[in-house]
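What follows is the residue order along each chain.
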Amino acid sequence: MTTQFIEKIDSLKSKVRGKTVPPDHPSYDEVRKIWNAMIDRRPAVIVQCADAGDVREALTFARENGLEISIRGAGHNIAGNAVCDGGMMIDLSTMKNVRVDAEKRRAYVEPGATLRDFDEAAQVHGLATPVGINSTTGIAGLTLGGGFGWLTRKYGMTIDNLVAVDVITANGENLRVSENENADLFWAIRGGGGNFGIVTLFEFRLHPVGPDILAGLIVFPLKQAKQVLTSYREFVKTAPEELNVWVVLRQAPPLPFLPEDVHGKEVVVLPIFYAGDPAQGQKLIEPLRSFGEAHGEHIGVQPYVQWQQAFDPLLTPGARNYWKSHNFTELSDGVLDSMIEFAGKLPTPQCEIFIGLIAGAANRLPADATAYGHRDAKFVLNVHGRWDTATDDEKGVAWAREFFKTSAPYASGGAYINFMTEDEGDRIAAAYGANYERLAQIKKKYDPENVFHLNQNIKAK
Ligand SMILES: Cc1cc2nc3c(=O)[nH]c(=O)nc-3n(C[C@H](O)[C@H](O)[C@H](O)COP(=O)(O)OP(=O)(O)OC[C@H]3O[C@@H](n4cnc5c(N)ncnc54)[C@H](O)[C@@H]3O)c2cc1C
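One structure accompanies this document, and this report is about it. Bear in mind the structure is a predicted one, so any value in this text is a computation, not a measurement.

**Quick notes on the sheet that holds strand 1 (residues 19-21)**
Step number 1: Read across the sheet, four strands follow the order 1-2-4-3 without closing on themselves; strand pairing throughout is mixed. The strands lining the two open edges of the sheet, one partner per strand, are strand 1 and strand 3 (69-72). On average, each strand axis in the sheet is inclined to that of its neighbour by 20°, with strand direction left out of account.
Step number 2: The sheet contact formed by strand 1 and strand 2 (residues 45-48) spans three bridges and is antiparallel.

Quick look at the structure:
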């Protein structure tokens with residue numbers, strides 16, 4: 001760093017309430033780290049913002065000094081755009097406040113909040129809105145890409161429950177954005193990712209949920225997979241929207257309810273979630289038990305926040321991750337067969353293939369209601385390649401790509417931008433489909449110089 005740049009950083013330090021972290025700062029390496037260990041980048045400076053004023057100062061500084069900008073929420077995104085090389089990382093992970101107005105059923109959420117921060121604050125009042133299934137994920141990135149989880153069948157995507165946001169645009173303007181204020185931008189940020197500005201506050205609609213819900217797992221051997229998956233396909237066609245059942249094909253973790261000799265064997269897991277009366281839920285899930293001869297099950301009434309953290313131990317930060325994803329309107333025999341084939345040759349013990357069921361409320365909006373346009377998608381399939389050492393990169397990536405190719409003919413063509421890796425730039429326009437053109441025009445209005453380009457980037461038109 002030049003003396004001149006060090007002096008500039010000193011002047012930035014005096015302007016922000018949060019912390020300025022240059023490369024020689026003792027916490028630099030910790031702060032630049034993100035969830036996916038495959039991403040290792042070194043910003044010239046990191047600003048850990050304390051409030052929206054800091055965000056504006058950081059943005060202005062970066063622009064005046066020609067620094068590339070990356071924006072970090074909780075740093076979970078697989079593509080790793082939260083961190084840049086040689087530019088400024090605007091780190092929002094220190095802005096975590098969640099305020100709940102229980103009477104109005106609204107939550108006001110800062111962009112560094114994790115799903116856990118959000119769920120815990122809302123559940124104090126027995127309230128929730130659909131978010132993802134791993135509690136350390138950031139509310140910001142998840143929401144800006146669409147967002148789905150256990151409650152999506154009943155209450156839609158996360159963005160379908162977004163009421164308003166505060167955004168700082170590329171030219172430093174602070175805008176309130178909702179259906180009635182800057183409505184074009186409100187449409188664009190509901191799925192358009194970090195392309196249009198930096199969100200400093202999210203306002204969500206909340207629903208009564210729990211606080212106790214019925215949830216758990218049934219685990220079948222992989223050799224029964226075809227029968228389990230075809231039964232699943234039929235079952236979910238008529239299951240009520242309060243009930244959600246996903247599918248995971250992987251090696252069995254050492255779960256205490258499974259016999260020891262099953263640990264590490266390939267299995268089909270049905271994770272189950274029911275948001276209504278638990279006794280009714282028990283009746284509804286009974287048919288799942290006859291899908292095969294299960295190795296074991298663990299299902300019971302538990303706090304919603306506990307279930308929201310149930311998968312955290314399998315999704316800890318620090319591993320190397322490579323994902324590939326497709327949307328499906330139906331599960332044909334072709335895709336089920338390819339899932340079973342590739343689950344039979346998992347390249348590393350942590351790799352998995354999962355299906356998230358999102359059929360329901362999210363499908364009742366038209367494709368042009370929000371920038372996220374996959375309103376026909378009923379299933380999201382994710383090939384989750386995961387391992388600990390770089391020596392496994394080649395075989396892990398090859399397996400994920402090969403499965404992606406084999407299953408592609410059965411997919412509905414869309415892609416969920418929040419599951420896209422850094423090498424999928426050529427899928428972005430397809431991911432937005434007919435909405436891309438309108439997004440490109442809104443990009444031109446709010447960020448014509450593409451200041452916010454470290455994302456699944458939309459080019460101005
Ligand atoms: C283990 C795991 C489980 C997941 N499960 C689900 C799931 O169940 N459902 C689901 O829908 N998704 C899920 N995801 C995907 C998740 O939604 C995305 O990874 C999301 O981008 C994470 O948000 P973040 O804030 O943590 O990410 P970050 O990496 O911090 O941010 C991602 C990008 O979002 C933009 N951004 C972040 N904050 C802001 C802001 N305040 N203003 C403007 N732009 C911003 C930036 O472009 C940034 O590069 C999961 C991801 C992981 C790793």
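**Focus on the site of the ligand**
Step number 1: Around the ligand sit 34 residues, and of these Gly 73, Gly 75, Asn 77, Phe 148 and Tyr 416 come closest.
Step number 2: A distance of 3.0 Å is found between an oxygen atom of the ligand and a backbone nitrogen or oxygen belonging to Ile 133.
Step number 3: Relative to its free-state accessible area of 960 Å², the ligand is covered by the protein chains to the extent of 97%.
Step number 4: Put simply, the parts of the chain that give the shell around the ligand at least two residues each are strand 3, helix 5 (139-145) and strand 10 (198-205).
Step number 5: Of the residues forming the shell around the ligand, the biggest block, four residues, is contributed by helix 5.

**Concerning the environment of Lys 96**
Step number 1: Mapping Lys 96 onto the fold places it in the loop between strand 4 (88-91) and strand 5 (98-101).
Step number 2: Note: C-alpha distance between Lys 96 and Ser 178 (82 residues apart in sequence) is 22 Å.
Step number 3: Apart from residues lying up to four places away in sequence, Lys 96 is in contact with Glu 110, Gly 112, Ala 113, Thr 114 and Asp 117.

**What to know about the nonpolar core**
Nonpolar side chains tend toward joint burial in soluble globular proteins.
Step number 1: Among the nonpolar cores identified, the biggest contains 81 residues, and Tyr 232, Val 268, Leu 270, Leu 288, Met 339, Ile 353 and Leu 381 are the most heavily contacted of them.
Step number 2: With residues up to four places along the chain from it excluded, the contact list for Met 339 reads Leu 249, Ile 353, Ile 355, Leu 381 and Phe 403.
Step number 3: In terms of nonpolar packing, the next biggest core, distinct from the first, is built from 42 residues, Leu 115, Ala 122, Leu 127 and Ile 428 among them.

**As for helix 3 (residues 52-64)**
Step number 1: For helix 3, spanning 13 residues, the distance from its first C-alpha to its last is 18 Å, which sits close to the expected 18 Å at 1.5 Å a residue.
Step number 2: All buried positions along helix 3 are accounted for by Asp 54, Val 55, Ala 58, Leu 59, Phe 61 and Ala 62. The buried residues of helix 3 occupy one face: seen down the axis, they fall within an arc of 165°.
Step number 3: Those residues of helix 3 that are buried are in contact with helix 1 (3-15), strand 2, strand 3, strand 4, strand 8 (162-168) and strand 10.
Step number 4: Measuring from the side-chain oxygen of the N-cap residue of helix 3 to the backbone nitrogen of Gly 53 gives 3.2 Å; that N-cap residue is Asp 51.

**Describing the packing of helix 8 (residues 225-238) against helix 11 (residues 333-343)**
Step number 1: Across the interface, helix 8 lies against helix 11 with an axial gap of 10 Å and an inter-helix angle of 140°. Seen along the crossing, helix 8 lies across helix 11 with a hand that is right-handed. Between helix 8, through Ala 225, Lys 226, Leu 229, Thr 230 and Arg 233, and helix 11, the contact on the second element is made entirely by Asp 333, Leu 336, Asp 337 and Ile 340.
Step number 2: Among the residues forming the contact of helix 8 with helix 11, the class breakdown is four nonpolar, one polar and four charged.

**A look at the environment of Ile 9**
Step number 1: With respect to the element layout, Ile 9 can be found in helix 1.
Step number 2: Residue class for Ile 9 comes out buried when judged on its relative accessible area of 3%.
Step number 3: Measuring from C-alpha to C-alpha, the distance between Ile 9 and Phe 61 comes to 9.0 Å, with 52 residues separating the pair along the chain.
Step number 4: Contact partners of Ile 9, with chain neighbours within four places excluded, come to Thr 20, Val 45 and Phe 61.

**Examining the side chain of Asp 91**
Step number 1: Along the chain, Asp 91 falls in strand 4.
Step number 2: On the basis of relative accessibility, which here comes to 1%, the residue Asp 91 falls in the buried class.
Step number 3: Residues in contact with Asp 91, not counting those within four places in the same chain, are Val 31, Ile 46, Val 47, Gln 48, Cys 49, Arg 72 and Gly 73.

**Some points on the environment of Ile 78**
Step number 1: Here Ile 78 is to be found in the loop between strand 3 and strand 4.
Step number 2: Judged by its relative accessible area of 3%, Ile 78 falls in the buried class.
Step number 3: In sequence terms Ile 78 and His 298 are 220 residues apart; their C-alpha atoms lie 30 Å from each other.
Step number 4: When neighbours within four sequence positions are excluded, Ile 78 is seen to be in contact with Trp 35, Asn 36, Ile 39, Asn 321, Tyr 322, Trp 323, Asn 418, Phe 419, Met 420 and Thr 421.

**Some points on helix 12 (residues 393-407)**
Step number 1: Look at helix 12: 21 Å from first C-alpha to last across 15 residues, which is about the 21 Å you get at 1.5 Å a residue.
Step number 2: Where helix 12 is concerned, the buried positions are Asp 393, Gly 396, Val 397, Trp 399, Ala 400, Phe 403, Phe 404 and Ser 407. Buried residues of helix 12, viewed axially, fall in a sector of 160°; they line one side. Summarising the geometry of helix 12, the exposed residues directed more than 90 degrees from the buried face are Glu 394 and Lys 405.
Step number 3: Each element contacted by the buried residues of helix 12 is listed here: strand 17 (320-328), helix 11, strand 18 (352-357) and strand 19 (379-387).

**Some thoughts on the packing of aromatic side chains**
Step number 1: One pass over the full model with this rule turns up 21 aromatic pairs.
Step number 2: The interplanar angle of 85° and the centroid separation of 6.2 Å between the aromatic rings of Phe 354 and Phe 419 together place this pair among those described as edge-to-face. With Phe 354 in strand 18 and Phe 419 in the loop between helix 12 and helix 13 (428-432), this pair connects stretches of sequence that are 65 residues apart. Each member of the pair, Phe 354 together with Phe 419, is buried.
Step number 3: The side chain of Lys 324 reaches across the aromatic face of Phe 404, ending 4.5 Å from its centre.
Step number 4: Directly above the aromatic system of Phe 342 lies the positively charged group of Lys 345, at a separation of 4.3 Å from the ring centroid.

Criteria and thresholds
- Residues numbered from 1 in each chain as written.
- Predicted model: local features only at pLDDT ≥ 70, side-chain atom pairs only at ≥ 80, totals over all residues.
- Heavy atoms only, no water.
- Pairing = 2+ DSSP bridges.
- Helix = DSSP H or I, 4+ residues; strand = E, 2+ residues; numbered from the N terminus.
- Axes fitted to C-alpha atoms, helices over the stretch in contact; angles between N-to-C directions.
- Near = heavy atom within 4 Å.
- Polar contact = N/O pair within 3.5 Å; in protein donor to acceptor, adjacent residues only side chain to side chain.
- Areas by Shrake-Rupley, 256 points an atom, 1.4 Å probe, with all protein chains shown as cover.
- Contact = heavy atoms within 4.5 Å.
- Core = buried A, V, L, I, M, F, W, Y, C linked by side-chain atoms within 4.5 Å.
- Buried < 20%, exposed > 50% of the residue type's maximum accessible area, 1.4 Å probe, protein only.
- Expected span 1.5 Å × (residues − 1).
- Arc of directions from axis to C-beta.
- Left-handed = near helix turned anticlockwise from the far one by under 90°.
- Nonpolar A, V, L, I, M, F, W, Y, C, P; charged D, E, K, R; others polar.
- Phe/Tyr/Trp six-rings, centres within 6.5 Å; stacked < 30°, edge-to-face > 60°.
- Lys NZ or Arg CZ within 6 Å of the ring centre and 35° of its normal.

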